[in-house]
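Survey of secondary and tertiary structure
For reference, the chains in residue letters:
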Amino acid sequence: MKKLFAKAFLGLCALGTSTVAFAQEAADQVIEGGIHHALKTKFIEGGADFMSLVAIALILGLAFCLERIIYLNLAETDTDKLLSGIEDALDKGDVEGAKAIARDTRGPIASIAYQGLMRIDQGIDVVEKSIISYGGVQGGLLEKNLSWITLFIAMAPSLGFLGTVIGMIMAFDKIEQVGDISPTVVAGGMKVALITTVGGLIVALILQIFYNYLLSKLEAILNKMEDASISLIDLVIKYNLKYKK
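Residues numbered from 1 in each chain as written. Predicted model: local features only at pLDDT ≥ 70, side-chain atom pairs only at ≥ 80, totals over all residues. Heavy atoms only, no water.

1. What to know about the packing of helix α3 (residues 79-91) against helix α4 (residues 95-103)
This is how it is decided: Here an angle of 0 to 180 degrees is reported between the N-to-C directions of two axes, which are lines fitted to C-alpha atoms, with helices fitted over the stretch in contact. A helix here means a DSSP run of H or I that spans at least four residues, while a strand means a run of E at least two residues long, and both kinds are numbered starting from the N terminus. Any angle that falls under 35 degrees is termed roughly parallel, while one over 145 is termed roughly antiparallel, one within 65 to 115 roughly perpendicular, and all others oblique. A clockwise turn of the near helix away from the far one marks a right-handed crossing, whereas an anticlockwise turn of less than a right angle marks a left-handed crossing. When checking whether two residues touch, look at their non-hydrogen atoms; a contact exists if any pair is within 4.5 Å.
In contact at an axis separation of 7 Å, α3 and α4 are set at 165° when each is read in the N-to-C sense. In terms of orientation, α3 lies roughly antiparallel with respect to α4. For the element pair α3 and α4, the recorded crossing hand is right-handed. Mapping the contact onto sequence places Leu-82, Gly-85, Ile-86, Ala-89 and Leu-90 in α3 and Val-95, Gly-97, Ala-98, Ile-101 and Ala-102 in α4.

2. Overview of the side chain of Gln-115
What counts, and what does not: For each residue, the accessible area found with a 1.4 Å probe, counting protein chains only, is set against the maximum for its type, and the residue is called buried under 20%, exposed over 50%, and partly exposed in between.
If you trace the backbone, Gln-115 turns up in helix α5 (residues 108-118). With relative accessibility at 19%, the residue Gln-115 sits in the buried group.

3. What to know about the nonpolar core
The test is simple: What makes a nonpolar core is a set of buried Ala, Val, Leu, Ile, Met, Phe, Trp, Tyr and Cys residues whose side-chain atoms join them at distances within 4.5 Å.
With 43 residues, the main nonpolar core has Ile-86, Leu-90, Leu-117, Ile-120, Leu-142, Ile-149 and Leu-214 as its most contacted residues. Counting only elements with at least two residues in this core, the list comes to α2 (48-75), α3, α4, α5, α6 (124-142), α7 (146-178) and α8 (183-243). Among all residues touching Ile-86, those that are not within four sequence positions of it are Ala-98, Ile-101, Ala-102, Ala-113, Leu-117, Leu-232 and Leu-235.

4. Focus on the packing of α3 against α5
Note the cut-off: Side-chain classes follow a simple rule in which Ala, Val, Leu, Ile, Met, Phe, Trp, Tyr, Cys and Pro form the nonpolar group, Asp, Glu, Lys and Arg form the charged group, and the remainder, Gly included, forms the polar group.
Interhelical geometry of α3 versus α5 gives an angle of 20° and a closest axis separation of 11 Å. Comparing the axis directions of α3 and α5 gives the class roughly parallel. α3 and α5 meet at a crossing whose hand is right-handed. Of the residues in α5, those touching α3 at Thr-79, Leu-82, Ile-86 and Leu-90 are Ile-109, Ala-110, Ala-113 and Leu-117. Looking at the contact of α3 with α5, its residues break down into seven nonpolar, one polar and no charged.

5. Some words on empty space enclosed by the protein
How we decide: Grid points spaced at 1 Å over the protein atoms alone were grouped into cavities, where a 1.4 Å probe fits but cannot get out, and pockets, open sets with protein on both sides within 12 Å along at least five of seven lines, with lining residues defined by an atom within 4 Å of a point. Grid points are joined across faces, edges and corners, and a volume is the space filled by probe spheres set on the points.
Counted according to the given criterion, the structure contains two cavities of 30 Å³ or more. Looking at the largest cavity, its volume works out to about 40 Å³. Around the largest cavity, the lining residues are Leu-83, Ile-109, Ile-112, Ala-113, Met-225, Ala-228, Ser-229 and Leu-232. Looking at the lining of the largest cavity, the elements with two or more residues in it are α5 and α8. By residue number, the principal contributor to the lining of the largest cavity is α8, which donates four residues. A class-by-class count of the residues in the lining of the largest cavity yields seven nonpolar, one polar and no charged. Roughly 30 Å³ of internal volume is contained in the second largest cavity. Leu-90, Asp-91, Leu-235, Lys-238, Tyr-239 and Lys-242 together form the lining of the second largest cavity. Elements that contribute at least two residues to the lining of the second largest cavity include exactly α3 and α8. Tallying contributions element by element places α8 first for the lining of the second largest cavity, with four residues. Counted by class, the lining of the second largest cavity contains three nonpolar, no polar and three charged residues.

Treat this as a map of the structure, not an account of what it does.
See below:
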């Protein structure tokens, strides 16, 4: 038992030494060959297996982020202009004109308005239920694929930690083979452990930034949808009072 504790303590000391050496080496490589060269070198030193998995998680996560960014940007609508056009058409009793404005406008808010206007002759209750139901559908479309981004955010550091464990196993295998616990013996395994951990954490941080950005855009669009839905119901009530007496 004492030997086991001694080996564990010496292993931690070697890990600390390797950490300092790793940081110093990374800084030296950045100074000598630039960030691109340093990243390439560390990717190779970290091992093709786990570093490739971490890189794939980054690529797939960024692909989903890019798709959501494009979709949410296309989903943005000039709500004031849309509602103003619908209000002007309804004031004139031109329901078809209001429908055309909603149909020709891009975005989920216009789609919700069109669904409500399609049922304007069926009563305010039907219009309200239609807006709520179709708003839920559009909200689901806006949130689509966000779960995949959270998966890669969780997966990247997990892969890094798995590489860390395997690197530690490699280090202790070398200790067992050589019968010595000097830093030179365990440096290789410790290096793999540190590089994979850093890679996984960096990927998770990058994807987390994009994910929070997407959440902020999503919340802004959902708030606009709720405000526009209330305003549209008010316009329908105003239309009914004026033309459905």
